[in-house]
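Structural overview for review
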4 protein chains.
Amino acid sequence: MKSVIGKNITLALYGESHGAAIGIVMDGLPAGIKIDTDFIQSQLDKRKPKGKISTQRREADDFVITSGVFNGFSTGTPIHIMIENKTQKSSDYQPNLPRPGHADYAAHIKYNGFEDWRGGGHFSGRLTAPVVAAGAIALNILKNKGITVGTHIKKCQHLTDRDFENYAEDIALCNSKYFATLDETAGQNMQQHIENIGADCDSVGGVLETCVLGMPAGVGEPYFNSVESVLSHYLFSIGGVKGVEFGKGFEFADCLGSQANDPFEMQNGKVVTKTNNNGGINGGISNGMPLIFRVAVKPTPSVFKEQDTIDLTSMQNAKLSLKGRHDPAIFHRARVVADSMTALALLDLLVQRYGERWLLE
Amino acid sequence: MKSVIGKNITLALYGESHGAAIGIVMDGLPAGIKIDTDFIQSQLDKRKPKGKISTQRREADDFVITSGVFNGFSTGTPIHIMIENKTQKSSDYQPNLPRPGHADYAAHIKYNGFEDWRGGGHFSGRLTAPVVAAGAIALNILKNKGITVGTHIKKCQHLTDRDFENYAEDIALCNSKYFATLDETAGQNMQQHIENIGADCDSVGGVLETCVLGMPAGVGEPYFNSVESVLSHYLFSIGGVKGVEFGKGFEFADCLGSQANDPFEMQNGKVVTKTNNNGGINGGISNGMPLIFRVAVKPTPSVFKEQDTIDLTSMQNAKLSLKGRHDPAIFHRARVVADSMTALALLDLLVQRYGERWLLE
Amino acid sequence: MKSVIGKNITLALYGESHGAAIGIVMDGLPAGIKIDTDFIQSQLDKRKPKGKISTQRREADDFVITSGVFNGFSTGTPIHIMIENKTQKSSDYQPNLPRPGHADYAAHIKYNGFEDWRGGGHFSGRLTAPVVAAGAIALNILKNKGITVGTHIKKCQHLTDRDFENYAEDIALCNSKYFATLDETAGQNMQQHIENIGADCDSVGGVLETCVLGMPAGVGEPYFNSVESVLSHYLFSIGGVKGVEFGKGFEFADCLGSQANDPFEMQNGKVVTKTNNNGGINGGISNGMPLIFRVAVKPTPSVFKEQDTIDLTSMQNAKLSLKGRHDPAIFHRARVVADSMTALALLDLLVQRYGERWLLE
Amino acid sequence: MKSVIGKNITLALYGESHGAAIGIVMDGLPAGIKIDTDFIQSQLDKRKPKGKISTQRREADDFVITSGVFNGFSTGTPIHIMIENKTQKSSDYQPNLPRPGHADYAAHIKYNGFEDWRGGGHFSGRLTAPVVAAGAIALNILKNKGITVGTHIKKCQHLTDRDFENYAEDIALCNSKYFATLDETAGQNMQQHIENIGADCDSVGGVLETCVLGMPAGVGEPYFNSVESVLSHYLFSIGGVKGVEFGKGFEFADCLGSQANDPFEMQNGKVVTKTNNNGGINGGISNGMPLIFRVAVKPTPSVFKEQDTIDLTSMQNAKLSLKGRHDPAIFHRARVVADSMTALALLDLLVQRYGERWLLE
């Protein structure tokens, strides 16, 4: 089960950056789900590189669904989504010089030299495109159940976005944008900052913050399938993610229990918590409040500045000057991947709790 | 697969805080592993509450192994470890008043009132005792393969421990202590701080930092079974853990790529990285450097200060004043749970890569 | 996942014939299922050896439930059922002389001499006792949903029982008996036959036939999780089972398609098939007709006649004369194990289709 | 995990008979396995319909590998094999008239009318083509480890083939033929018989017998992952398979233990059994003898004779006269699917025991 995930909704991911095609097999959806191909394409568009803040490799990312959808609805059998690669340029890569911060060296040891090194091979960020396509299906299903997901760019170095305030509106706001900040000026500043850093042959990291609204209480399992365990498993599957925290997260270490606990109260006949420091999860189980979590995305390891590395042929120290097309930042593109992974993880937990038929109710 | 985890080394965990017994079934070990019951007991002792910084519930935690071990060695068939509960005091708990920050309310919704509410039931921290017992077996196996694991208390509010310096020595140092700081004075200060907070009817959170030394390069899988994905899945299974970060983690958001990348170099004929910002993992695969990661542990939700809650019977607002025996901090006891979860997660990944026979080589 | 099975309802089985205890952890049941301990005991009683047709080892098989049940109802968290071993007599076994037809030799190679050889160790038929206990819970749940399961002894050498006729009555009839034939005389003859064979220091095999009534149409999955695939997986987990066939089974090889197909017709507004050659399963999916299948159980390999074997110490040919307590036939005791495995397999498939909440509706 | 199977070597199968393409994602192979595309094609050719004993739908079955293979060797990441459908003729099918013996009705209930009914959709035997392609890779890996697999047509109504005699030669003989009987005359007679039955608008079933030579002792797991459990799970995934038996199988019910047991003896310094009634498996574990098992394949349900069915639109009784292209027998084509499923199941068990690196040793 190396490249397979999910108990109820399973995903099998395949492909390489410069191979013929990348794709995903999504299984476990009930029959009768309307498949909105326009929404899938619009989500893929959010992942696409644009402007000067992204790589100049510009793939069309036209997807085909070769099975599992009939007359516009899911058939209940596996859905296969495929995207052909079209603009490979493998000559930019040197297999003997592993790029610092990339999977190159670890993959070389793991696969004993048989890895497809072209463009990072299976480790390329391109593999997130099929995940976004499958995620779009999941997001739509959740939306039909009243559960919405939105992610904004919380931070890029010293530049920060405002916090979520009105959840429903802010989620809609994130999802309407390509560069997803809640504060427009913050977004403009960040984009200018990324552009400057790219011009300086460098790259930069950031923090994404996700909100899930409408999540019912009682989802998730104690211990090994806590909401945090399952969500983090999916989120850390995104290349470049190096941290995940829920609610107050690492800030809890600065808190007293009396500050950290979220007292319950009745509000319009409904149980809510007065604060949401726990990010909507208690004991691994959703408590009915919005889920709030953040992921740290490291700077793209592909920088054009000269770097120290080793030569895998001679096993000597060497210098590396990257060529090719690379992103000065990926967190703004990773945003929609985070939404997708979130939706896929939660969908699996929801089906575990309510059964697949619930998705159609 | 709710309370089951692992692909090659599987764990099935059961029990409630005030039930007859708690335990774990550990399957997948090859035959012929020496089982060191003294080491298991010594690890359980590290988890036990001690002094004024822990709960006054003092269980003996005597474990029995009822299967899978014969003449002191693993038989290759499932190992069942059981610990009887002996000092339950259920009268301290009020099932109708969910404790803020605890699983009580979420569990009540999830299990529709059928949950065993006594002492937190299945959600109790007591369930980590069998995990520690299984983890002790895993830690010993790793040690025989030259892989050592150590966790220290990095932070508790404003008080911080020093960083790992000499990995091998520092790991040994952590593992020799009950309150695991590398700096003795920092540890004394933290313990005094916890005691003071406990005296004030409150509790406090902290950050743990783990180092794994001797991890070979090439372990882990791309995407859905990255080292980060698998480790975080296990770590977030520990009650109270609300954040996990690898290497620089959330600090990556403050970095440029040129600062964040870890350049390769040859050192005594071996490939190393000059820095270890990525915490020993590139592209989800171990790169041969020490694994470094941190977990955020929230303050124990059980505080003696009066708190707002609701009454599940009347569905009205209510006040809660906890009685019973509770910890003013749990991170120092969670330390050995983090070691255990780490060992269990890595053992699974190592067996996936090298096969179970490798454990005996 | 060696001794673990199930996607939604998972079982982790442990124990050895002469170890301290055997048991099972059953996870995945929703909260609020009434647990009928009398029924569990009555099912265990059906598995117990009785009279001269069974081994003289007579275990009480008193079970304890140490977790997952509270006030008589499932809590929704793992149920642990344990049975202590009390009448071990290991001196009857010679670890160096593998018994023909038993797991002894294969286990010796597999576990490299570390296996618990006493009484067959983990491979003992005793391990089916916890399966029967878990199966009893499953059978009760199915019954509440209108699904009943019954198994009769179809054949023992030349002696045969009559076929199922009135399903509902015949299922009740099987389940009311210890030696489960539909025809009472056939049963008497078989029991006498087994007794004679036992007196002759030999053993004998048989065929069991199971009927599941009330199974809704649409359960099971195409290909890898067909009803046949899943049921056979569970049924072949029973020691001694060497064949499984559905509907006409191997007789299909004698048939033309025009004879084998089951034509559909409307009957009282309901779709039925005129015949049921396919045993209630088409394309791996239940079609609403009764499930019918048979399992072949080989003769108990433990016969008192002298047998050829090898000596694992000297690696020379040797003679083996068994001592101890053995069954001249096990199929009549395996009957309730077949019922249990059937219920556990179907419960998993039903939860996959309808969700766990359906079990409570 | 509906259309996904395997613990170490996973398969995700997708596609419909009349959809754009069918395919499989195979994951878990180590890097460095030579992929022999000629052998894959030759195996697909054995599955293809030929002559008058098969359907007249003649697909080229040209496969493409879009990922996981680089410079002729496995990369260690998922292999995606795809086959386009080219000769669909959906007008031959009537969605409102379910074909007796087929999945049509059960699928209609399961998928609530959203199923792709064209040509049987996902339930079509066409889906076995990608399984054969993946199986070819597995068969080649096993062969390199000295393990060979062969299946012959044991029986078709009154016509029978001879038993396996010289295993190695007979396996080679099966594998050299399209219609795989060991006795050439038996094969000619069977083909003539199938042709006659086809001319009579009917179809016929048969029994396949498989031998696996070179299987090491000690593979498989007790109880839930016995060799029988795992093999039967895969074999019952083949459409039309309704029975699986190992060694003497159902004949065991006619045997005494003294006849059924396989006595051990030393032969040229090696442990063997004098007979092989258990088909190479004791206690669920391979014992080093050849694996022998049989599967019953029912007659193709698509017969041209008029049949009774119901009309799903009017919910009235109806008559069905099939049009289109159908096989009068499928067992001769299913033979290579049985080989493939066998190889895939055993490969998974072998990797579980020896680790993936063993495949390359």
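Structure's up top.
The structure reproduced in this document is the subject of the present report. (Residues numbered from 1 in each chain as written. Chains lettered and ligands numbered in written order. Predicted model: local features only at pLDDT ≥ 70, side-chain atom pairs only at ≥ 80, totals over all residues. Heavy atoms only, no water.)

Moving on, we get to the overall build of chain A. A count of helical and extended segments in chain A gives eight helices and 18 strands. Taken against the 2.2 N^0.38 rule, which gives 21 Å for 361 residues, the C-alpha radius of gyration of chain A at 21 Å falls within 12% of a compact globule. Seen along its three principal axes, the alpha-carbon backbone of chain A occupies a region of about 70 × 50 × 35 Å. Classification of the 361 residues of chain A by burial places 70% in the buried group. Looking at chain A alone, contacts between residues at least 24 apart form 71% of all its contacts between residues at least 6 apart. Accessible area of chain A: about 10800 Å², with a carbon and sulfur share of 48%. When the 36 basic and 39 acidic side-chain charges of chain A are each reduced to a single mean position, those positions are 2 Å apart. (Helix = DSSP H or I, 4+ residues; strand = E, 2+ residues; numbered from the N terminus. Rg over C-alpha atoms; globule rule 2.2 N^0.38 Å. Buried < 20%, exposed > 50% of the residue type's maximum accessible area, 1.4 Å probe, protein only. Contact = heavy atoms within 4.5 Å. Areas by Shrake-Rupley, 256 points an atom, 1.4 Å probe, with all protein chains shown as cover. Lys, Arg positive; Asp, Glu negative; His and termini not counted. Charge placed at Lys NZ, Arg CZ, Asp CG, Glu CD.)

With that settled, consider the sheet that holds strand E3 (residues 21-27) of chain D. All names here are of chain D. The sheet built from five strands is open, its strands ordered E1-E2-E3-E7-E4 with antiparallel pairing. Both edges of this open sheet fall to strand E1 (4-5) and strand E4 (63-67), since each of them pairs with a single strand only. Packed onto the sheet, helix H1 (residues 37-47) meets E4 and strand E7 (79-84) and runs at close to 135° relative to E4. (Pairing = 2+ DSSP bridges. Axes fitted to C-alpha atoms, helices over the stretch in contact; angles between N-to-C directions.)

Of the residues lining the interface, 11 residues belong to chain C; the matching set on chain A comes to 11 residues. Across the chain C to chain A interface the summed buried area is about 780 Å²; carbon plus sulfur atoms make up 40%. Inspection of the region where chain C meets chain A yields two residue pairs in polar contact (both at pLDDT 80 or more). Of the residues assigned to the side of chain C that touches chain A, the class counts are three nonpolar, four polar and four charged. (Buried area = accessible area lost by both parts, 1.4 Å probe. Polar contact = N/O pair within 3.5 Å; in protein donor to acceptor, adjacent residues only side chain to side chain. Nonpolar A, V, L, I, M, F, W, Y, C, P; charged D, E, K, R; others polar.)

Turning next to the environment of Ile83(D). Residues and elements named next belong to chain D. Note that isoleucine 83 resides in strand E7. By relative accessible area, isoleucine 83 is classed as buried at 0%. Along the backbone, isoleucine 83 and glutamate 59 are 24 residues apart, and their C-alpha atoms lie at a distance of 9.8 Å. In this view, isoleucine 83 contacts Ala21, Ile22, Leu44, Asp61, Asp62, Phe63, Arg126, Ala129 and Pro130; residues no more than four positions away in its chain are not counted.

Residues and elements named next belong to chain D. Their axes nearest at 7 Å, the elements H1 and helix H8 (residues 331-354) cross at an angle of 145°. Of the residues in H8, those in contact with Gln43, Lys46 and Arg47 of H1 are Arg333, Arg335, Val336 and Val337. Of the residues that constitute the contact of H1 with H8, the class distribution is two nonpolar, one polar and four charged.

Residues and elements named next belong to chain B. Between its terminal C-alpha atoms helix H3 (residues 128-144) stretches 24 Å, which fits the 24 Å expected from 17 residues at 1.5 Å a residue. By the criterion of burial, H3 is predominantly enclosed, with 15 of the 17 residues buried. Just downstream of H3, glycine 146 is the residue with a positive phi angle, here 80°. (Expected span 1.5 Å × (residues − 1).)

The operation relating chain C to chain A is a screw motion whose rotation component is 180°, with 0.0 Å of axial translation and a residual RMSD of 0.0 Å. What the rotation and shift describe, once combined, is the action of a two-fold rotation axis. Closest to the rotation axis within chain C is the C-alpha of Gly355(C), separated from it by 1.8 Å. A symmetric contact is evident, with 100% of the interface residues of chain C recurring at the interface of chain A. (Least-squares fit on C-alpha atoms with pLDDT ≥ 70 in both.)

This part takes up the relation of the copies chain B and chain A. For the match of chain B to chain A, the screw axis carries a shift of 0.0 Å, the RMSD comes to 0.0 Å, and the turn is 180°. Residue by residue, 100% of the interface of chain B is reproduced at the interface of chain A, so both copies engage with the same surface.

Backbone hydrogen bonds hold the strands of a sheet together, and the pairing may be parallel or antiparallel. Residue and element names in this part refer to chain B. The five strands lie next to each other as E1-E2-E3-E7-E4, forming an open sheet whose pairing is antiparallel. A strand with exactly one partner marks an edge of an open sheet, and here the two such strands are strand E1 (4-5) and strand E4 (63-67). Strand direction decides the pairing type here: strand E2 (residues 10-15) and strand E3 (residues 21-27), joined by six bridges, are antiparallel. Its bridge partner being in E3, threonine 10 is matched across the sheet by aspartate 27. Along the sheet face, helix H1 (residues 37-47) touches E4 and strand E7 (79-84) and points at about 135° away from the line of E4.

The subject of this paragraph is helix H4 (residues 167-175) of chain A. Residues and elements named next belong to chain A. Among the residues of H4, Asp170, Ile171 and Cys174 are the ones counted as buried. The buried residues of H4 all sit within an arc of 100° when viewed along its axis, so they share a single face. Each element contacted by the buried residues of H4 is listed here: strand E8 (148-156), strand E10 (206-213) and helix H8 (331-354). Among the residues of H4, the N-terminal cap falls to asparagine 166, whose side-chain oxygen and the backbone nitrogen of alanine 168 are separated by 3.3 Å. (Arc of directions from axis to C-beta.)

So, on to the pairing of strand E8 (residues 148-156) of chain C. Residues and elements named next belong to chain C. Across the nine residues of E8, seven count as buried, placing the element largely inside the fold. Pairing geometry for E8 and strand E10 (residues 206-213), over seven bridges, is antiparallel. For threonine 148, the partnering residue across the bridge sits in E10 and is leucine 213. From the end of E8 to the start of strand E9 (residues 159-160), which pair antiparallel, there are two residues, and glutamine 157 there has a positive phi angle of about 50°.

Our next topic: the side chain of His193(B). All names here are of chain B. With respect to the secondary-structure elements, histidine 193 resides in helix H5 (residues 184-199). Among the residues examined, histidine 193 registers a relative accessible area of 15% and is labelled buried. Discounting residues that sit within four places of it in the chain, histidine 193 has contacts with Cys156, Gln157, His158 and Leu159.

Throughout the structure, instances matching the rule amount to 84 salt bridges over all chains. For Asp116(B), the salt bridge identified is with Arg118(B), shortest N-O distance 2.8 Å. A salt bridge links Asp254(C) to Lys155(D); the nearest nitrogen and oxygen atoms lie 2.8 Å apart. In this pair, Asp254(C) is assigned in the loop between strand E11 (241-246) and helix H7 (257-260) and Lys155(D) in strand E8 (residues 148-156), connecting two distinct chains. For Asp254(C), a relative accessible area of 35% puts it in the partly exposed group. Salt bridges sharing common partners tie together Arg47(A), Asp61(A) and Arg126(A). (Salt bridge = Lys/Arg side-chain N within 4 Å of Asp/Glu carboxyl O.)

Summed over the entire model, instances satisfying the criterion amount to 34 aromatic pairs over all chains. Plain terms: the ring middles of Tyr111(A) and Phe123(A) are 6.3 Å apart, the flat faces sit at 50° to each other, and that makes the pair tilted. Here Tyr111(A) is found in helix H2 (residues 104-111), whereas its partner Phe123(A) is found in the loop between H2 and helix H3 (128-144), with 12 residues between them in sequence. Measuring from centroid to centroid gives 5.2 Å for Phe246(A) and Phe236(B), while their planes differ by 90°, and the two rings are edge-to-face. With one member in each of two chains, Phe246(A) in strand E11 (residues 241-246) and Phe236(B) in the loop between helix H6 (227-235) and strand E11 (241-246) form a pair that bridges those chains. Here Phe236(B) falls in the buried class, since its relative accessible area comes to 2%. These aromatic residues form a ring-pair network of at least three members: Phe236(A), Phe246(B) and Phe293(B). Above the plane of the ring of Trp358(D) lies Lys145(D), whose end atom (NZ or CZ) is 4.2 Å from the centre. (Phe/Tyr/Trp six-rings, centres within 6.5 Å; stacked < 30°, edge-to-face > 60°. Lys NZ or Arg CZ within 6 Å of the ring centre and 35° of its normal.)

All we've got here are geometric facts, nothing functional implied.
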